[in-house]
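What the coordinates show
Here is what each chain is made of, one letter per residue.
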Amino acid sequence: MTAPTKPPHHSPADTVSGPPAGEQPPAATTDPATTDPVTAGQASGTHLHSPVIDWFDDHARDLPWRRPEAGAWGVMVSEFMLQQTPVSRVLPVYEQWLARWPRPADLAAESPGEAVRAWGRLGYPRRALRLHGAAVAITERHAGDVPADHAQLLALPGIGEYTAAAVASFAYGQRHAVLDTNVRRVFARAVTGVRYPPNATTAAERKLARALLPEDEKVAARWAAASMELGALVCTARNETCHRCPIAARCAWRLAGKPEHDGPARRGQTYAGTDRQVRGKLLAVLREAHTPVAQAELDRVWHEPVQRARALDGLVADGLVEPLAGGLYRLPLT
């Protein structure tokens, strides 16, 4: 998530103030099945924007992709890297990446394998290939500049609705609903009164996010960044710190007594012993090697031959590994 840490402070005219002193906020339903997202958003948004944005002005983390010098390319790189990966792991790789490839054309001039190599142990390395593909397209279609138009961003390879909206909002200050896991959790609790959002983003969530957007474009971009940061730092998945929350007094979930989650079981992430772990071990060998690697060397990274072969076949199918004659493998050149 990206946005300048300390922009010029928004004026009262740029935000929507909360209810007058002594006035109670509108009651919020705690049944998401009967909540109309547009109505809920319109009723709640006017009382949420100012406190959340003011909180963000005071508490936003100073992260490199939020600084003006990061530019749209720095924002895009951060958005790819931060998907399912914590900030602490992203920071060193991000700095090295931008030092090596400060513009999309710099990355596009290298092989996809070099992007995979530089990705290191961030995980989900297909993101590296997608970012490389986006850099090539930006270089070929947009003269090396990350486009500001949402539709053009969405047309880039590897760019989905979330990333297109995030880059347009955080890099160019546009008015878009930016829905990541943190934002979805904040909206689920504050507006619809449930502990967790659905496992996958729903149409109702998108309607709610659009209804909550401030009308002013700059304020909307600030709101997108602020609500995301609130979910990352305060309204966390576990051990939320409601006493630090600027909208705790208006949070539907808290006002309802914090009911337990009664939807489908939350999916936990496992790693040890999975194909994903084996893929990571195979890729680690190939990243360290600057010449093709023999099958026998790859065989040493995992004891179970069937799982090892399945993981290697998956890497080849995903374009992360290129097989060569004679049982040799390397990171992709094209």
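Let me begin by describing the structure that accompanies this report. (Residues numbered from 1 in each chain as written. Predicted model: local features only at pLDDT ≥ 70, side-chain atom pairs only at ≥ 80, totals over all residues. Heavy atoms only, no water.)

**Quick word on the overall build of the protein chain**
Secondary structure summary: the protein chain contains 15 helices and 3 strands in total. For the protein chain, the proportion of its 334 residues judged to be buried stands at 48%. Put simply, of all contacts in the protein chain between residues at least 6 apart along the chain, 68% involve residues at least 24 apart. A total of about 15,900 Å² of accessible surface is found on the protein chain, and carbon and sulfur atoms cover 53% of it. (Helix = DSSP H or I, 4+ residues; strand = E, 2+ residues; numbered from the N terminus. Buried < 20%, exposed > 50% of the residue type's maximum accessible area, 1.4 Å probe, protein only. Contact = heavy atoms within 4.5 Å. Areas by Shrake-Rupley, 256 points an atom, 1.4 Å probe, with all protein chains shown as cover.)

**Considerations on the packing of helix H13 (residues 275-288) against helix H15 (residues 305-317)**
Close contact between H13 and H15 brings their axes to 9 Å; oriented N to C, the two are set at 70°. Relative to H15, the element H13 is oriented roughly perpendicular. Seen from above, H13 lies across H15 with right-handed handedness. Seen from H13, the contacting residues are Asp275, Val278, Arg279, Leu282 and Leu283; seen from H15, they are Gln307, Arg308, Arg310, Ala311, Leu312, Gly314 and Leu315. A class-by-class count of the residues in the contact of H13 with H15 yields 6 nonpolar, 2 polar and 4 charged. (Axes fitted to C-alpha atoms, helices over the stretch in contact; angles between N-to-C directions. Parallel < 35°, antiparallel > 145°, perpendicular 65-115°, else oblique. Left-handed = near helix turned anticlockwise from the far one by under 90°. Nonpolar A, V, L, I, M, F, W, Y, C, P; charged D, E, K, R; others polar.)

**Overview of the side chain of serine 227**
As for its position among the elements, serine 227 is in helix H11 (residues 217-233). Serine 227 sits in the buried class, given a relative accessible area of 2%. Within the structure, serine 227 has its side chain in polar contact with the backbone oxygen of tryptophan 223 (distance 2.8 Å). Within the local environment of serine 227, its side chain forms a polar contact with the backbone oxygen of alanine 224, the two atoms lying 3.3 Å apart. Ignoring anything within four residues of it in the chain, the contact list for serine 227 reads Val52, Val183, Val186 and Phe187. (Polar contact = N/O pair within 3.5 Å; in protein donor to acceptor, adjacent residues only side chain to side chain.)

**Quick notes on the pattern of salt bridges**
Tallying each qualifying case throughout the model produces 17 salt bridges. When the shortest N-O distance is used, the salt bridge between aspartate 275 and arginine 310 registers 2.7 Å. Of this pair, aspartate 275 sits in helix H13 while arginine 310 is found in helix H15, placing the two residues 35 residues apart along the sequence. Accessibility expressed as a relative area gives 25% for aspartate 275, which makes it partly exposed. (Salt bridge = Lys/Arg side-chain N within 4 Å of Asp/Glu carboxyl O.)

**Some words on the side chain of threonine 163**
Note on placement: threonine 163 falls in helix H8 (residues 161-172). Among the residues examined, threonine 163 registers a relative accessible area of 5% and is labelled buried. Setting aside chain neighbours within four positions, we find threonine 163 in contact with Glu79, Phe80 and Gln83.

**Let's talk about the sheet that holds strand S3 (residues 328-330)**
Taken together, 3 strands build an open sheet; the order of strands is S1-S3-S2 and the sheet is antiparallel. A strand with exactly one partner marks an edge of an open sheet, and here the two such strands are strand S1 (293-294) and strand S2 (322-324). Pairing geometry for S2 and S3, over 3 bridges, is antiparallel. Opposite leucine 324, over in S3, you have leucine 328 as the bridge partner. (Pairing = 2+ DSSP bridges.)

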